[in-house]
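Chain by chain, the residues:
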Amino acid sequence: MASDSLLDEIRLMAKADHAYRMPREANPYGVDDPRGTAWLAGWQEEDDRIHRLDEEVAKLPQFRILVEIVTGETALATVDRDDFAAYTVSNMRVTNVRAVSYESAEARARFPERGDVRIRVTYEGQGGMFA
């Protein structure tokens, strides 16, 4: 049986794993193992944590990006790099091969009349064009 201090360390390890963009499926422990449950709890805690947009963008592999506030596929506004720190984000989701989206309270507040408002970050493609 794993000790509470070991499980706490595993939860912290999972937070770091999440920061390195390891997916939920990277859990190194079995599903019926308390260590696996602790790892998933730590990973989920980090996934749910609110981050500043400028911190998140710094983790992305490409330098040139387009940041937009969107609802579905419709762009509502572009976010300038100077304004990244004004947004907090959580729950990153892959949109397509060159884009991710985040939930953002500040983006939703800008467009309260719209549903499912998110921030979408699109990486520049090979030919210099955005997706």
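Above: the structure in question.
Residues numbered from 1 in each chain as written. Predicted model: local features only at pLDDT ≥ 70, side-chain atom pairs only at ≥ 80, totals over all residues. Heavy atoms only, no water.

Details of the nonpolar core
Stage number 1. Judged by nonpolar contacts, the single largest core of 18 residues is most densely connected at Leu53, Val67, Ile69 and Ile119.
Stage number 2. Where this core is concerned, the elements lending two or more residues are helix H3 (53–58), strand S2 (65–71), strand S5 (99–103) and strand S6 (117–123).
Stage number 3. The element best represented in this core is S6, accounting for four residues.
Stage number 4. Not counting residues within four places of it along the chain, the set of residues in contact with valine 67 comprises Leu53, Ala77, Thr78, Val79, Phe84, Ile119, Arg120 and Val121.
Stage number 5. The next biggest cluster of nonpolar side chains, apart from the first, holds seven residues, and it includes Leu7, Ile10, Ala14 and Trp39. (Core = buried A, V, L, I, M, F, W, Y, C linked by side-chain atoms within 4.5 Å. Buried < 20%, exposed > 50% of the residue type's maximum accessible area, 1.4 Å probe, protein only. Helix = DSSP H or I, 4+ residues; strand = E, 2+ residues; numbered from the N terminus. Contact = heavy atoms within 4.5 Å.)

With respect to the pairing of S6
Stage number 1. Most of S6 is tucked away: seven of the seven residues are buried.
Stage number 2. Neither face of S6 is open: one carries Val117, Ile119, Val121 and Tyr123, the other Arg118, Arg120 and Thr122, and all of them are buried.
Stage number 3. Examined bridge by bridge, S2 and S6 share seven bridges and lie antiparallel to one another. Looking across to S6, one finds that isoleucine 69 is bridged to isoleucine 119.
Stage number 4. When S5 meets S6, the two strands line up antiparallel, connected through five bridges. Among the inter-strand pairings, alanine 99 is bridged to a residue of S6, identified as threonine 122. (Pairing = 2+ DSSP bridges.)

Considerations on the sheet that holds S5
Stage number 1. On the basis of which strands lie adjacent, the open sheet formed by six strands has the order S1-S4-S5-S6-S2-S3 and antiparallel pairing. The open sheet is flanked by strand S1 (51–52) and strand S3 (74–78), the only strands paired with a single partner.

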